[in-house]
Amino acid sequence: MRKHAAFSSGPALLLRQSCLLAGAAGVMAAREFWPGALFWAFALALELSSIRAGGEPHAAGRAPASGFFSSLIPSFEIADVSGRTGLLLLCFLCGAGYAALRAPSSPACPDWLEAAASSALTAGGEERPPAPVRIRARVERAERLPGDRLRLLLRDARPAAGLAPEVSGANASAVVPYAGRIAWTWTFPQSFPLPGQEVEISLRLERVRGVANFGQWSLEDYWHDRRVWFRGWSRGGKADARVYGGASFASGLRAALEERFDAALPRREAEFPPRREAEYPANSSIASAPLPLTPGAGLLPALVFGDRSHISREDADRFARATLTHSLSLSGLHLAYAAGLGWLLALGLGRCVPGLWLRVARPRLAVLLALPLAGGYLWLGQAPVSLQRAACMLLFGAVLLLLNRPKALLDGLLAALALLLALDPDSMFDLGLQLSVLSVAVLALSLPRLESLARFAVPSLAGPGPHRKDPPARRLARWAILLGGTSLCIQIVLAPLAASVFGTVGLWFPLNLVWLPVLGAVVMPPAFAGLALSAAGAALPASWALHLASLPCDALIWLMGWMDRAGLLAAPVTARPHWVSMAGYWTLCLGLPVLFLRLCDRKKPWRAALGDAGRAVPVVCLGCLLLAAPWLAARHAEENGPPAVRLRLLDVGQGQAVLVEWQGLGARGGPAASPPGLSAFGRLLVDGGGSASGSFDPGKAVIAPILAANAPPSVDWLVNSHPDADHLGGLLYLLENFRVDRYAGNGDVAAPALAQREEQSLRRSGLERETWKEGDRLRLGPGLCLEVLWPPARERTQKGENGGERGNNRSLVLRLVWEGEPLALLCGDAEEPVLRQLTEKRGKDLRAGVLVLPHHGSARSLSVPFYRAVAPEAFLVSCGYGNQWGFPSGEVRRSAAGLGIPLYSTARHGQIFVEWTGPGGPFRLDTARVTK
């Protein structure tokens, strides 16, 4: 390979590899232009670094043959800078154009589906979610998820005979099937339909639509990349599912293998927790199913088949915090077992058939036997993207070996990536593929250096004398250095991506040093043996093998549970880096090792080593600049920008969360304008949303990423207007994981389960709950205060003691005021009696620029006199898309139209952003969704 001037001890890419990177950058730029453009500039910099420091290019000619492409495509060099730049630019444009042509587009929506997924209007003009519709569809894919859930991708959906909403009385055969996919999530499934079968179900269909907030990951893009445009959920027997037809041969065979495997797994002696009859009727097949698996045995279907339905959500969360989730994913590790089995088969055949190795070399024979086994496992694991990448790399490596070409891990990785992007450009944005590609790239770049380090740290004693081989202890020590070093390097490189996606950085990656060898040597061999024995009908030996495989898994789950209870299994919340900072971090990951290696090069005089190291200094400086640039830009904007107060009504679904931020307030009147104890910069969060779903926490999934975007995970004030779950639930994650200065509420106590968790969160944070009442005035910053207009001081109540109405009517009513000018009025869930009392109070000033309508726009909180007293310029409503109550109600929308005041709702507009740059001045309003 060519040695790069600045990366002489680092990565050296051939021109064809640089072209592949440029094409991948173009695919990224088709959706995210600036990150893709920076990625392309990085590939160009690597390519142009082949020009020597003196400015003379390498001698023209063919590059050394290496990798898969060298056997098919001639290597070539373009000597001049403009030629290389033009070639990489052409690859970039080709990648972007191809991705744009292959961008997912919604298929035509038939009339029956449009009617089935549209909100219904009541006689009073209220919007209600669509009613369930009976459909029949073909199963394309089935995935089992943690928490006993089944996710099915359905195709060719059509209404069942006589049940289409708008085609009643018409010929059902004339109804056009839907050409796209529908995702159906079934919690506590009563049956397990297989790909190829048809299902008839009653399902409430909705368009794929997630929460929409500025700069946040899009659930809609995730599903659209998988060509899914509609979704539905059901629980237990409510879907009234009926399965028709036979599964495809491959799906039926896989299901039979999984059924035999499942029957041989060890199970609990008693069921805990007991079955819920509401979800599992007595006449269902699930009601008479075997007892649940032991915790350790529940991992084995995930490791062999990718079936995670036997893993509890608590254990899945612990695996994530222990940075061990990747060990449950089907990846290259599993295909390595197939390759290893091929090698063992080749060894056995060579022993049994003398002379076989003379006709077919043992490595080639091992490859020929491993490829069918790998293909079989690809089918067994239902071919997730990470497994496809590993299979492509194995295939390319096999072709290299069969063609007598040298092995090149980086070439195989790029070739696999090119093939996957050619088949589906949107796989570029698949998180699993991103993590696996980065991990293999780190392995390819770091392994040679770690091998040198291992040989240096533990010198070999092998020689012609008595020590023909190193003692096992020395080989084990070198192996430990390689495993620990690669694991550390992978964790370091993946840290910014993990922080950006998950918001946490795991501290327990050293567990991989123990668990991965145990998984490979102790768990997987008996697990695959159990699979083979169960497939052969040997149930008793299979159960013995699977029991043996489950013991280390049980030990790991017990260990993680103990660490969690002891408070040791922590995954600290960290700032979510900007993509520019991530690019700078990865540039440093390349530049710093080169700088270190050149400085430590003992083969050269120190002056020459220092000169070589100096060529890597610009790379390190560029990495530092990119790493710090977003943070410096944000701080500069805060320090030098005009004083401003911002209000963000966050889209948290059916709930409410209001974020208030202020900056530079003290600058208006000089240093004297900033009283002691008041900061010119800060933020306050009123409510945090909440969800009845056990898998969706708005505080963790929505609010934390917004608060930690390019900023430390902290907030000055957390305020709970009243302890309803849809206002309080999301605050608890922030209390437990963010730095919070003050926490306040109205004094009421939540329902018992939520109140207990709130108390635990307060104990962990060390905060005391403040109680606010009418007449309180809280100073947030210089000239900025929060007035409490309601409730009056009285004895606190617990949610549920006196009914929800009284709890709603004790909501905090807060007014944000800047230097005497009212900005916004927040009313929680206050209803009409409270609003009437506030309006009738003589001398009560209720004016505000924007009004966050109480109770999500409910008709029970409608009060036109109150609206007139506030006299806002805009109504803001926080509610969920397609919510069952029809918020905002038709009466509220008609009242707003009659008053000539625009109404913005998170259900339609996503996050609503309001900014004031001066007290009493006009405000700027923007929304995350662009609506017509």
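The structure we're discussing is the one just above.
A brief look at the structure comes next. On a predicted model such as this, the values are computed, not experimentally measured, just so you know. Going along each chain's sequence as written, the residues are numbered from 1 onward. Owing to the predicted nature of the model, reporting of local features is limited to residues with pLDDT of at least 70; listing and counting of side-chain atom pairs is limited to 80 or more, with chain, interface and lining totals taken over all residues. For the side-chain quantities, the full set of heavy atoms in the structure was used; hydrogens and water were omitted.

Regarding the overall build of the protein chain
So, step 1. By the criteria applied, helices consist of DSSP H or I runs no shorter than four residues and strands consist of E runs no shorter than two, each listed in order from the N terminus. Counting its regular elements, the protein chain contains 29 helices and 24 strands.
So, step 2. Across the 932 residues that make up the protein chain, the buried fraction comes to 48%.
So, step 3. Only heavy atoms enter the contact rule, under which two residues are in contact if any of them lie within 4.5 Å. Within the protein chain, contacts between residues separated by at least 24 positions form 73% of all contacts whose residues are at least 6 apart in sequence.
So, step 4. Entry remark: accessible area of the protein chain is about 42,400 Å², with carbon and sulfur atoms responsible for 61%. Accessible area is worked out with a 1.4 Å probe on protein chains only. A residue is then buried under 20% of its type maximum, exposed over 50%, and partly exposed in between. Note that accessible areas follow from Shrake-Rupley with a 1.4 Å probe, and for residues the cover is restricted to the protein chains shown.

Looking at a nonpolar patch on the surface
So, step 1. Candidates for patches are residues over 30% relative accessible area with no salt bridge; among them, like charges are joined within 9 Å and nonpolar side chains (Val, Leu, Ile, Met, Phe, Trp, Tyr) within 5 Å. Basic side-chain nitrogens of Lys or Arg form a salt bridge, by our definition, when they fall within 4 Å of a carboxyl oxygen of Asp or Glu. Taken together, the side chains of L341, W343, L344 and L345 make up a nonpolar region of the molecular surface, amounting to roughly 370 Å² of accessible area.
So, step 2. By secondary structure assignment, the location of L344 is in helix α10 (residues 332-352).
So, step 3. Taking the relative accessible area as the measure of exposure, L344 reaches 48% and is therefore partly exposed.

With respect to the nonpolar core
So, step 1. By nonpolar core we mean a set of buried residues, namely Ala, Val, Leu, Ile, Met, Phe, Trp, Tyr and Cys, connected to one another through side-chain atoms within 4.5 Å. If you look at the biggest cluster of nonpolar residues, it comprises 43 residues, and the most contacted ones within it are F261, L300, F319 and L324.
So, step 2. Only α7 (249-263), α8 (299-305), α10, α12 (362-380), α13 (385-402), α17 (511-535) and α18 (539-565) provide two or more residues apiece to this core.
So, step 3. Take this core: its biggest share by element is eight residues, from α18.
So, step 4. In contact with L300, other than residues within four places in its own chain, are F261, L265, V523, A527, L546, A549, S550 and C553.
So, step 5. V686, W772, V788 and L816 belong to the second-largest nonpolar core, a separate cluster that totals 33 residues.

Observations concerning the pattern of salt bridges
So, step 1. All chains considered together, the criterion is met by 43 salt bridges.
So, step 2. Where R227 meets D426, a salt bridge forms, and the shortest distance between an N and an O atom there is 2.8 Å. Of this pair, R227 sits in the loop between α6 (219-225) and β8 (228-235) while D426 sits in the loop between α14 (409-423) and α15 (431-457), placing them 199 residues apart in sequence.
So, step 3. Its relative accessible area of 25% is what places R227 among the partly exposed residues.
So, step 4. Residue classification places D426 among the buried positions, given a relative accessible area of 7%.
So, step 5. The network of salt bridges with shared partners includes D315, D317, R318, R321, D564 and K700.

Topic: the environment of N640
So, step 1. Mapped onto the elements, N640 comes out in helix α21 (residues 617-640).
So, step 2. Sequence-wise, N640 and Q663 are 23 residues apart; in three dimensions their C-alpha atoms are separated by 9.8 Å.

A few points about the pairing of strand β14 (residues 739-745)
So, step 1. Relative to β14, strand β13 (residues 714-719) is paired through five bridges, and the arrangement is parallel. Residue pairing in the sheet places W717 in a bridge with R742 of β14.
So, step 2. A crossover gets the label right-handed when its path from the first strand over the helix to the second runs clockwise, viewed with the strands pointing away from the viewer. With helix α23 (residues 725-737) bridging β13 and its parallel neighbour β14, the resulting β-α-β unit is right-handed.
So, step 3. What makes two strands pair is DSSP finding at least two bridges between them. In terms of strand pairing, β14 meets strand β15 (residues 769-771) through three bridges, oriented parallel. When the bridges of β15 are listed, A744 appears paired with E770.

Description of the side chain of S427
So, step 1. Secondary-structure assignment places S427 in the loop between α14 and α15.
So, step 2. Side-chain polar atoms of S427 contact the backbone oxygen of D424, separated by 2.7 Å. Whenever a nitrogen or oxygen atom comes within 3.5 Å of another N or O atom, the pair is scored as a polar contact, on the condition that within protein one atom can donate a hydrogen and the other can accept it, and that pairs from neighbouring residues in sequence are kept only if both atoms are in side chains.

Re the pairing of β13
So, step 1. For β13, the tally of buried residues reaches five of six residues, placing the bulk of the element in the interior.
So, step 2. Examined bridge by bridge, strand β12 (residues 682-686) and β13 share three bridges and lie parallel to one another. Bridge pairing links L684 to W717 in β13.

So, the side chain of R478
So, step 1. Mapped onto the fold, R478 is located in helix α16 (residues 472-502).
So, step 2. Among the polar contacts listed, one links the side chain of R478 to the backbone oxygen of V458, at a separation of 2.9 Å.
So, step 3. Apart from residues no more than four positions distant in its own chain, R478 is found in contact with A454, R455, V458, P459, S460 and D470.

Quick look at unusual backbone geometry
For residues that are not glycine, phi is negative in most cases, and the peptide bond is trans in most cases.
So, step 1. The omega angle of the peptide bond from W790 to P791 is 10°, so this bond is cis rather than trans.
So, step 2. Looking at where P791 falls in the secondary structure, it is placed in the loop between β17 (784-790) and α25 (803-808).
So, step 3. For the peptide bond that leads from F887 to P888, omega is -10°, which places it in the cis range.
So, step 4. With respect to the helices, strands and loops of the structure, P888 is situated in the loop between β21 (874-877) and α28 (890-899).
So, step 5. Despite not being glycine, R227 has its phi angle at roughly 60°, a positive value.

A word on the sheet that holds strand β20 (residues 850-852)
Paired through their backbone hydrogen bonds, the strands of a sheet run either parallel or antiparallel.
So, step 1. Here we have seven strands laid out as an open sheet, ordered β16-β17-β18-β19-β20-β21-β22, and mixed in their pairing. A single partner strand is all that each edge strand has here, and the edge strands are β16 (777-781) and β22 (903-905). Taking each pair of neighbouring strands and ignoring which way they run, the sheet shows an average axis angle of 25°.
So, step 2. Bridging between β20 and β21 involves three bridges; their strand directions are parallel. The residue bridging L851 from the neighbouring strand is F875, located in β21. A fitted line through C-alpha atoms represents every axis, and for helices the fit uses only the stretch in contact; the resulting angles, taken between N-to-C directions, go from 0 to 180 degrees.

Some remarks on the environment of S329
So, step 1. Here S329 is to be found in the loop between α9 (313-321) and α10.
So, step 2. In sequence terms S329 and L303 are 26 residues apart; their C-alpha atoms lie 7.0 Å from each other.
So, step 3. Setting aside chain neighbours within four positions, we find S329 in contact with R308 and H334.

Brief notes about the packing of α7 against α17
So, step 1. Contact pair α7 / α17: the axes reach a minimum separation of 9 Å and the direction vectors enclose 110°. As summarised for this structure, α7 and α17 are arranged roughly perpendicular, according to the angle between their axes. Along this stretch, α7 crosses α17, giving a crossing that reads as right-handed. Where α7 approaches α17, its residues L257, R260 and F261 are matched on the opposing element by A527, G530, L531, S534 and A535.
So, step 2. All amino acids are sorted into three groups, where Ala, Val, Leu, Ile, Met, Phe, Trp, Tyr, Cys and Pro are nonpolar, Asp, Glu, Lys and Arg are charged, and the leftover types, Gly among them, are polar. Among the residues forming the contact of α7 with α17, the class breakdown is five nonpolar, two polar and one charged. Small angles under 35 degrees read as roughly parallel and large ones over 145 as roughly antiparallel, with 65 to 115 read as roughly perpendicular and the rest as oblique. Here is the rule for handedness: rotate from the far helix to the near one, and if that takes an anticlockwise turn smaller than a right angle the crossing is left-handed, while a clockwise turn gives right-handed.

Here's the deal with the sheet that holds strand β11 (residues 658-663)
So, step 1. Judged by pairing direction, the sheet is mixed, and its eight strands sit side by side in the order β15-β14-β13-β12-β11-β10-β23-β24 without closing on themselves. Both outer strands of the open sheet, β15 and β24 (923-927), are each paired with one neighbouring strand and no more. Across the sheet, the mean angle from the axis of one strand to that of its neighbour is 20°, orientation sign disregarded.
So, step 2. Inspection of the sheet shows β11 paired to β12 by five bridges, in the antiparallel sense. Bridge assignment links V658 to a residue of β12, and that residue is V686.

Some thoughts on α15
So, step 1. In this analysis, the expected span of each helix is defined as 1.5 Å times one less than the number of residues it contains. The first and last C-alpha atoms of α15 sit 36 Å apart over 27 residues, in line with the 39 Å expected at 1.5 Å per residue.
So, step 2. Listed in full, the buried residues belonging to α15 are L433, S436, V437, S439, V440, A441, V442, A444, S446, L450 and A454.
So, step 3. Turning to α15, the residues buried within the fold contact α13, α14 and α16.
So, step 4. Near the N-terminus of α15, the side chain that reaches the backbone nitrogen of G432, with its oxygen 3.0 Å away, is that of D430.

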